[in-house]
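These are the residues of each chain, in order.
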Amino acid sequence: SWLPRVHEGPEVTGMISVKAAHETGLTPATWVVAGAGDNAAAAVGAGVIGNGDALLSVGTSGVIFAHCYSPLVDPTGAIQAFAHAMHRRYHVMGVMLAAGGSLRWCRDTIAAGSDYDQLIAEASRASPGSDGAIFLPYLCGERTPHMNPFARAGWFGLTLAHGRAQIVRSVLEGVAFGLLDSLVRIEELGIRITALRAVGNGLDNPVWRRIVCDVLNRPLSRPVVEEGPAFGAAVLASVGSGIHASVNAAVTEMVHVSEVPDEPNPSTHAIYEASYERFCDMYLALLPFMDEEQACPV
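Asks: How should the overall build of the chain be read in this particular structure?
Replies: A count of helical and extended segments in the chain gives nine helices and ten strands. Here the C-alpha atoms of the chain give a radius of gyration of 21 Å, agreeing with the 19 Å that 2.2 N^0.38 yields for 298 residues. Considering only C-alpha atoms, the chain reaches an extent of 65 × 45 × 40 Å along its principal axes. Out of the 298 residues belonging to the chain, those deemed buried represent 48%. For the chain, contacts bridging at least 24 residues in sequence account for 69% of all contacts bridging at least 6. With an accessible surface of roughly 14,500 Å², the chain has 57% of that area assigned to carbon and sulfur atoms.

What follows is the structure, given as C-alpha cells:
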C-alpha cells in the first residue's frame, strides 16, 4: 500500500497539470507516459526487442543487456533479471562497475590532461594482447559476475619493455574482458546473443570499439540516433500517444542502425581468447587477497 501503481512502459499515466506547465514551459494536458529505467529505455532506443538482440553500453559503467520472452533468473544472482519496457517482455543484464571509469582513472593517474582520443590512438600502436600486460578493472569492487565489493584492480605482466601504450591498451582490453564475463554468463543461462547494438561514449571511439568487437567475437552495430535512453523514452511515448500501435511498430519506423557493422577479426580474437583465460585465472589467484581486511576504502 506504500507503493505507487505499476505501469507498462508505453502506458499513459497522467497529464501535465496547469501548475507543472507554468513551471516547465510544457503544454497543459500533455500526456505523461510511464517510460522505463535507463538501460531498458536505451535498449528500446537501440531496437533490442527480440531474442538474439542485446545492448552493449560503455559509459562510466559497462552493461550487456539481453532480451528474453519469459522471465529468466540466474540462480547465482550474478546476472540481474527484470521486466522489459514492453508488455510481457523481459531482460537479463550484466553490469561491470568501472568500464569508462577505468579509462578515466588511468588517464587522470598517468596522463593527466591528455585527450581521451589521443590516449587511445597511442594505445592503438600497441599489439593486441598488450604484449602480455593484463589489467583487472575492479577499481571499485565488481558486480557481474563476481558480486564482490572487495574485488580490486591491478596489472600483471609488466616489464621494462612496456610503456604507456601497452598500459592504456591493457585497460581497454581489461574492460572488454569484464564485458565478456557478462556475455559468457548470460549465454550460460541459455540466451544466444547474435547481434549487439553498441552505445555509450566509450564505444564512440573506433579503436576501443574494435577491441570490444574482437574480444566478444560478435558483430557490433551502432544506432544512428545516439541519445540512448532519452530516444527510447520517446519511442515509448510515441506508442502511448497513439502515433504507433505497438513498440515493435515504433521501433521498426524510428530505430535505425549503421548499415555496415563492425565484424570481429578471427585471428585477433584468438589472441584475446588466451589473454581472457589468463584474466580469469588472475582474478581467482588474487581472490584470497580481496577481503574486507585487505581492501582499501573505495
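Moving on, there is more to tell.
Asks: Explain the packing of helix 2 (residues 38–46) against helix 7 (residues 229–240) here, please?
Replies: Packed helices, taken two at a time, are described by the angle between their axes plus the distance between the axes. Contact pair helix 2 / helix 7: the axes reach a minimum separation of 7 Å and the direction vectors enclose 70°. Our classification of the angle between helix 2 and helix 7 gives roughly perpendicular. Contact residues: helix 2 offers D38, A41, A42, V44 and G45, while helix 7 offers P229, F231, G232, A233, V235 and L236. Of the residues belonging to the contact of helix 2 with helix 7, the class tally is eight nonpolar, two polar and one charged.

Asks: Explanation requested: the confidence of the model for the chain in the structure shown.
Replies: In low-pLDDT segments, the atomic positions of the prediction should not be examined closely. Residues at a pLDDT of 70 or more form 98% of the chain, whose mean pLDDT is 94. Confidence scores differ between elements of the chain, with strand 9 (residues 195–199) showing the lowest mean pLDDT of 91 and strand 7 (residues 134–136) the highest of 98.

Asks: Explanation requested: a nonpolar patch on the surface in the structure shown.
Replies: Together, V12, M15 and W31 make up an exposed nonpolar region whose accessible area comes to about 310 Å². Tracing the chain through its elements places V12 in strand 1 (residues 12–15).

Asks: Would you take a moment to explain the pairing of strand 4 (residues 62–68) for this structure?
Replies: The two faces of a sheet get side chains in turn, since along a regular strand they alternate between them. Summarising burial for strand 4: seven of the seven residues are buried, a large majority. Because side chains alternate across strand 4, one face comprises the buried residues G62, I64, A66 and C68, and the other comprises V63, F65 and H67, equally buried. Pairing analysis gives five bridges linking strand 3 (residues 53–58) to strand 4, with the strands arranged antiparallel. By the bridge assignment for strand 4, L55 is matched with F65. The loop that links strand 3 with its antiparallel partner strand 4 comprises three residues. Alignment of strand 4 against strand 6 (residues 90–96), held across seven bridges, turns out to be antiparallel. Bridging from a neighbouring strand, F65 pairs with M93 of strand 6.

Asks: Sorry, what's going on with the nonpolar core here?
Replies: Grouped burial of nonpolar side chains is what soluble globular proteins tend to show. L56, L179, I193, W208, V212 and L216 are the most contacted members of the largest nonpolar core, which has 50 residues in total. Apart from residues lying up to four places away in sequence, L56 is in contact with V63, I64, L179, L196, R197, A198, V199, L203, V212, L216 and L220. Ranked by size, the runner-up nonpolar core spans 23 residues in total, among them A40, A85, V95 and V251.

Asks: Can you walk me through the state of the cysteines in this structure?
Replies: Evaluated as defined, the whole model comprises zero disulfides. For C213, which is in no disulfide, the shortest distance to another cysteine sulfur is to C280 and amounts to 19 Å. By relative accessible area, C213 is classed as buried at 0%.

The rules behind the values
Residues numbered from 1 in each chain as written. Predicted model: local features only at pLDDT ≥ 70, side-chain atom pairs only at ≥ 80, totals over all residues. Heavy atoms only, no water. Helix = DSSP H or I, 4+ residues; strand = E, 2+ residues; numbered from the N terminus. Rg over C-alpha atoms; globule rule 2.2 N^0.38 Å. Buried < 20%, exposed > 50% of the residue type's maximum accessible area, 1.4 Å probe, protein only. Contact = heavy atoms within 4.5 Å. Areas by Shrake-Rupley, 256 points an atom, 1.4 Å probe, with all protein chains shown as cover. Axes fitted to C-alpha atoms, helices over the stretch in contact; angles between N-to-C directions. Parallel < 35°, antiparallel > 145°, perpendicular 65-115°, else oblique. Nonpolar A, V, L, I, M, F, W, Y, C, P; charged D, E, K, R; others polar. pLDDT = per-residue confidence, 0-100. Patch = residues over 30% accessible without salt bridge, like charges linked within 9 Å, V, L, I, M, F, W, Y side chains within 5 Å. Salt bridge = Lys/Arg side-chain N within 4 Å of Asp/Glu carboxyl O. Pairing = 2+ DSSP bridges. Core = buried A, V, L, I, M, F, W, Y, C linked by side-chain atoms within 4.5 Å. Disulfide = S-S within 2.5 Å.

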